[in-house]
Amino acid sequence: AFEDIDNSLRLDPQFALAHNTRGNLFLDRREYDRAIASYSEAISLDPKYAVAYANRGTAYVSNRNPQRGIEDFSSALRLDPRNINALVGRGGAYETLNQPDRALSDFNEALRYDRVNVNAYLGRGRANLLRRDFVSAYSDFSDAVRLDPRRATAREGRGLANEGLGRRQEAI
């Protein structure tokens, strides 16, 4: 895949989509600094490229820089207020910074646009756990399990919510 992207960039170094795709490949390999550089190049070529901002935000959060991630997710949302990945990503970054109310706001907004987004339910469930709202967390994780029964993190979260509710037997 890198070879094809590199060939594409040799033919057209100004091809923002190719730089973004290259960033995705680096992100998949957990080469966060290289991913960030590729997304930055895409953004410099097309400053209105909301997807590249959201992707760079993900790379920043993955590279343990949630504040920079929030900045990029916010930039993506200024360009595209319905960007689900940016809403879920920013919510996750707020969650990382122990700001569950701000996280909930983003996860709720994402679910307003996409009622079957498992990652939004998982994030909202985690934010509700942080708020110690175990009833809401249980509901969110149950929705995630319903949508993706094989998602282990959804079942784990539901177990934590059950434990918080004092239902130890169901938590096991």
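Conventions adopted
Going along each chain's sequence as written, the residues are numbered from 1 onward. Side-chain atom pairs in this predicted model are given and counted only at pLDDT of 80 or more, local residue features only at pLDDT of at least 70, and totals for whole chains, interfaces and linings cover all residues. Excluding hydrogens and water, the side-chain figures rest on all heavy atoms present in the structure. By definition, any uninterrupted DSSP run of H or I lasting at least four residues is a helix, any uninterrupted run of E lasting at least two residues is a strand, and each is numbered from the N terminus. For a helix, the expected span equals 1.5 Å multiplied by the number of residues minus one. Only protein chains enter the accessibility calculation, which uses a 1.4 Å probe; a residue is then buried when its area is under 20% of its type maximum, exposed when over 50%, and partly exposed in between. As used here, the arc is the angular range of directions from the helix axis to the C-beta atoms. Whether two residues touch is decided by their heavy atoms; if any such pair falls within 4.5 Å, the residues are in contact. Site definitions follow a grid-based scheme: protein atoms alone, a 1 Å grid, a 1.4 Å probe that fits but cannot get out for cavities, and for pockets an open set with protein on both sides within 12 Å along at least five of seven lines, plus lining residues having an atom within 4 Å of a point. Grid points are joined across faces, edges and corners, and a volume is the space filled by probe spheres set on the points. Salt bridges are identified by distance alone: a Lys or Arg side-chain nitrogen within 4 Å of an Asp or Glu carboxyl oxygen.

Caption draft 1: Representation of helix H3 (residues 32-45) within the structure. Here H3 is 14 residues long and its end C-alpha atoms lie 20 Å apart, about the 20 Å a rise of 1.5 Å per residue gives. Within the span of H3, buried status applies to Tyr32, Ala35, Ile36, Ser38, Tyr39, Ala42 and Ile43. Taken down its axis, H3 places every buried residue within 165° of arc, on the same side. In this structure, the buried side of H3 is in contact with helix H2 (16-28) and helix H4 (50-62).

Caption draft 2: Highlighting the layout of surface pockets. Here the largest pocket is characterised by a volume of approximately 490 Å³. What lines the largest pocket is a set of 25 residues, and nearest its centre among them are Thr58, Asn85, Val88, Gly89 and Asn119. Elements represented by at least two residues in the lining of the largest pocket include exactly H2, H4, helix H6 (84-96) and helix H8 (118-130). Looking at the lining of the largest pocket, the element that brings in the most residues is H6, giving eight residues.

Caption draft 3: The pattern of salt bridges, seen in detail. Counting across every chain of the model gives 14 salt bridges. The closest approach of N and O atoms between Asp148 and Arg151, which form a salt bridge, is 3.1 Å. Classification of Asp148 by relative accessible area gives partly exposed; the value is 22%. The exposure class of Arg151 is partly exposed, given its relative accessible area of 26%. Put simply, Arg29, Glu31 and Arg34 are held in one network by salt bridges that share partners.

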